[in-house]
Amino acid sequence: MAVEQQTGAAAPPLRLGTDSRLSRFLSTTWRFARRKPLGAVGAAILVILVLTAILADVIAPYDPVVQSQSEALQSPNSRHLAGTDQFGRDMLSRLIHGARISIYVGVGATILSIVPAMAIGVTSAFFKGSYDYGIQRIVDAVQALPGLILLIAIVAILGTGLWNVIVALSFGRAFASSRIVRGAAFQVISMDYVDAARSLGATNSRIMLRHVVPNVFAPIIVVASLGFGQIIIAEASLSFLGFGIQPPAPSWGGMLAGEARAYMYAAPHILWIPALTLGLVVFGVNMFGDALRDVLDPRLRGS
Amino acid sequence: MTRYLARRVVGMIPTLLVLLFMVVVMVRLVPGSIVDIILEETASGAEGEAARAALEERLGLDRPLPVSYVNYVTGVLRGDLGQSLWDQSPVTEQVLRRLPPTLSIAAVAIVMAIVLSVPIGVLSAVRRDTWLDYLLRSVAIAGISVPSFVIGTAFVIFPALWFGLSLVQFRYVSFVEDPVANLKIIIPPAAVLAIGLTASVARLMRTMMLEVLTQDYMRTARAKGLTGSTVIMRHGLKNAMIPVITLLGLQFAFLIGGSVITESIFAIPGLGRLLIDALRQRDYPIIQGVVLTIGVMVMLTNLLIDMSYAYLDPRVRFA
């Protein structure tokens, strides 16, 4: 690293810029890993998960949904590294494609939840008064339902399947994170620069979009990273109950569902392998989110 | 205190009305015609128009939304949550019948979690940054990470695999009938829920204890010659417990949500199972009734937490 910096210093200014930015990124990452070893492990798990999801078609040895009755319920072996399930489908390929579903759902629901969370939280903090009161009673009502119950209620309306699950998950997340956006937005709105903008004649929407929204991004990122693990668990739980991603699509939760349990004596690996994978991934995501929260926003600690 | 309580209860009404509205509007948000979907699935198309009209009336779809909202709310006030589409039984009766198993599992889980998490948290804080602390913290984080349905599945497969022992009882027995048999049924699912709960409570317990340990009154207590354990128990623990109690109350929602999972794994006829079965059969009045009941239970728990706050902390009462 030291060598890199020296060559950077000798180079023309433009290269110096990019070079030091890279080395700054590297040193920040290194410091993060040193200070938060568990967070670094979590980050590594997350990177592996994302790579697996992106490269699923390339690295999966078999088609995840093609059945082969003659090969059913094999224990892990050299041809099927994680064994096969009751339909003779390759477990490893199903786990790899399951990673893609988890990432789709996690990323999809997180992104989809950010805009409504911002809209609810920022406007609620900005307009205050009866508007805020009314909106917050709606948030209260949604929050009164435990996560899984809310999900089931939404799935009862929309039906099952990948997109409906993503929409359902983002709905709950949006309301949950809107509370934190609102809290952060209250602080921002009391700042002098908001008053300054107002006295210069800025419209409400301009103040909200140009001044408030950019300044509540840090807590949003932390909340989103902590919510990511919860979303993955929620999708898996819903699929486990049979109301999430529908078979034969390989959701990790679905792989543990009712019918697989019938084979727990004959082939316990079809249960413990997906269970372990899911636990490890959520552990990784949580550790990373925890560390990120400590670094980015210590005020949220313990929340 | 009374004034605070009155204000808090009145404050709940708007939220309750919103919750009721969400429950009523639910059946109208189903894409396509809900009546067609249900009739198709129950395969009772033969009765034709009469069946359609009856079903629409049952779901309150034959009237404009405000009217059916008012009807539903007045029904709820009379304790009437409508009738099951499946067997015409009153929803209220079904919900009440399914409530005791769910609540007793939640109660046992909370007791287990308190018994385990308080000593773990205190130990972790007192022995801060030792190998014991690291071990306990790692286990706690693992406990939070593993979803309850994974723990539940493990509870079912490993005893069965290793000891040939089945923790799933297929016939539910109430506590009044046979307490021992009832506890045998209640304890495994409660233990599954208690694991996640213990982990999160132990984490908070540790944090609060660490904060309390640095307070001046702890030093004073030690300086006046009290023994180590008295200082920790009488002065430390008592002060660290307040937020922990709040967390336990908040986690009640988690326990009720988790009942959907544990009750389907352990075949327990509770509220969670009722909801799942109703969803399979698209029995909307039951789905609505269960969702409303759970929402109200969580709101009442939050009220209890706030009241305990006001009781424990005079600053809240007089604010």
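Residues numbered from 1 in each chain as written. Chains lettered and ligands numbered in written order. Predicted model: local features only at pLDDT ≥ 70, side-chain atom pairs only at ≥ 80, totals over all residues. Heavy atoms only, no water.

### So, the overall build of chain B
Right, on to step 1. For chain B, the helix and strand inventory stands at 13 helices and 0 strands.
Right, on to step 2. In chain B, the succession of α and β elements from N to C terminus is α-α-α-α-α-α-α-α-α-α-α-α-α.
Right, on to step 3. Judged by the C-alpha coordinates and their principal axes, chain B covers about 85 × 60 × 40 Å.
Right, on to step 4. Counting across all 319 residues of chain B, residues that qualify as buried make up 46%.
Right, on to step 5. Contacts in chain B between residues far apart in sequence, at least 24 positions, make up 73% of those at least 6 positions apart.
Right, on to step 6. Accessible surface, chain B as shown: approximately 15,800 Å² in total, 65% of it carbon and sulfur.
Right, on to step 7. Of the side chains in chain B, 27 bear a positive and 22 a negative charge, and the two mean positions are spaced by 16 Å. (Helix = DSSP H or I, 4+ residues; strand = E, 2+ residues; numbered from the N terminus. Buried < 20%, exposed > 50% of the residue type's maximum accessible area, 1.4 Å probe, protein only. Contact = heavy atoms within 4.5 Å. Areas by Shrake-Rupley, 256 points an atom, 1.4 Å probe, with all protein chains shown as cover. Lys, Arg positive; Asp, Glu negative; His and termini not counted. Charge placed at Lys NZ, Arg CZ, Asp CG, Glu CD.)

### Regarding the packing of helix 7 (residues 147-158) of chain A against helix 11 (residues 217-241) of chain A
Residue and element names in this part refer to chain A.
Right, on to step 1. Remark: helix 7 packs on helix 11, axes separated minimally by 11 Å, with the N-to-C direction vectors making an angle of 60°. With respect to their mutual orientation, helix 7 and helix 11 come out oblique. Along this stretch, helix 7 crosses helix 11, giving a crossing that reads as right-handed. Of the residues in helix 11, those in contact with Leu 148, Leu 151, Ile 152 and Val 155 of helix 7 are Ala 234, Ser 237, Leu 238 and Leu 241.
Right, on to step 2. Taken together, the residues of the contact of helix 7 with helix 11 sort by class into 7 nonpolar, 1 polar and no charged. (Axes fitted to C-alpha atoms, helices over the stretch in contact; angles between N-to-C directions. Parallel < 35°, antiparallel > 145°, perpendicular 65-115°, else oblique. Left-handed = near helix turned anticlockwise from the far one by under 90°. Nonpolar A, V, L, I, M, F, W, Y, C, P; charged D, E, K, R; others polar.)

### Things to note about the interface of chain A and chain B
Right, on to step 1. Contacts between the two partners involve 38 residues from chain A and, on the opposite side, 43 residues from chain B.
Right, on to step 2. Roughly 3,600 Å² is buried in total at the junction of chain A and chain B, and carbon and sulfur atoms are behind 80% of that figure.
Right, on to step 3. If you sort the residues of chain A by the area they bury against chain B, Ile149(A), Ala156(A) and Ile157(A) come out on top, with a joint share of 16%.
Right, on to step 4. Taken together, the links from chain A to chain B amount to 0 salt bridges. (Buried area = accessible area lost by both parts, 1.4 Å probe. Salt bridge = Lys/Arg side-chain N within 4 Å of Asp/Glu carboxyl O.)

### Observations regarding the nonpolar core
When a protein is soluble and globular, its nonpolar side chains tend to lie buried together.
Right, on to step 1. Counting 146 residues, the largest nonpolar core has Leu241(A), Phe149(B), Met205(B), Tyr284(B) and Ile287(B) as the members making the most contacts within it.
Right, on to step 2. Take this core: its biggest share by element is 15 residues, from helix 10 (residues 228-265) of chain B.
Right, on to step 3. Both domain 1 (32-80) and domain 2 (92-318) of chain B contribute no fewer than three residues apiece to this core.
Right, on to step 4. Setting aside residues up to four positions removed in sequence, Phe149(B) forms contacts with Ile233(A), Ala236(A), Ser237(A), Phe240(A), Gly253(A), Leu256(A), Leu278(A), Ile261(B) and Ile265(B). (Core = buried A, V, L, I, M, F, W, Y, C linked by side-chain atoms within 4.5 Å. Domains from an automatic or database assignment.)

### With respect to the side chain of Ser124(A)
Residue and element names in this part refer to chain A.
Right, on to step 1. For Ser 124, the position within the fold is in helix 5 (residues 91-127).
Right, on to step 2. There is a polar contact of 2.4 Å between the side chain of Ser 124 and the side chain of Asp 132.
Right, on to step 3. Residue contacts for Ser 124: discarding those within four places in its chain leaves Tyr 131, Asp 132, Ile 135, Gln 136 and Arg 182. (Polar contact = N/O pair within 3.5 Å; in protein donor to acceptor, adjacent residues only side chain to side chain.)

### Regarding helix 11 of chain A
Residues and elements named next belong to chain A.
Right, on to step 1. For helix 11, with 25 residues, the first-to-last C-alpha span of 35 Å sits near the 36 Å given by 1.5 Å per residue.
Right, on to step 2. In terms of burial, helix 11 is largely enclosed, as 21 of its 25 residues are buried.
Right, on to step 3. Two residues or fewer after helix 11 comes Gly 242, characterised by a positive phi angle close to 95°. (Expected span 1.5 Å × (residues − 1).)

### Some remarks on the domain arrangement of chain B
All names here are of chain B.
Right, on to step 1. What the domain assignment lists for chain B is domain 1 (32-80) and domain 2 (92-318).
Right, on to step 2. Here the C-alpha centroids of domain 1 and domain 2 sit 38 Å apart.
Right, on to step 3. Between domain 1 and domain 2, the residue contacts involve 9 residues of the former and 7 residues of the latter.
Right, on to step 4. In this structure, the connection of domain 1 to domain 2 is made through 0 salt bridges.
Right, on to step 5. In this assembly, domain 1 and domain 2 are joined by 1 residue pair in polar contact (both at pLDDT 80 or more).
Right, on to step 6. Sorting the residues of the side of domain 1 that touches domain 2 by element identifies helix 2 (34-42) and helix 4 (65-77) as the ones contributing at least two each.
Right, on to step 7. Of all the elements, helix 2 adds the most residues to the side of domain 1 that touches domain 2, at 4 residues.
Right, on to step 8. When its residues are assigned to classes, the side of domain 1 that touches domain 2 shows 6 nonpolar, 1 polar and 2 charged.

### Some words on the packing of helix 3 (residues 37-54) of chain A against helix 5 of chain A
Residues and elements named next belong to chain A.
Right, on to step 1. One way to put it is that helix 3 packs onto helix 5 with a least axis distance of 8 Å and a crossing angle of 105°. Regarding the angle of helix 3 to helix 5, the classification is roughly perpendicular. Mapping the contact onto sequence places Leu 49, Val 50, Thr 52, Ala 53 and Ile 54 in helix 3 and Ile 96, Ala 99, Arg 100 and Ile 103 in helix 5.

### Notes on the confidence of the model for chain B
All names here are of chain B.
Right, on to step 1. Within chain B, residue pLDDT values average 85, and 94% of them lie at 70 or more.
Right, on to step 2. Of all helices and strands in chain B, the one with the weakest mean pLDDT is helix 13 (residues 314-317) (64), whereas helix 11 (residues 271-280) scores best (92).
Right, on to step 3. Scored as a complex, the prediction yields pTM 0.85 and ipTM 0.87. (pLDDT = per-residue confidence, 0-100.)

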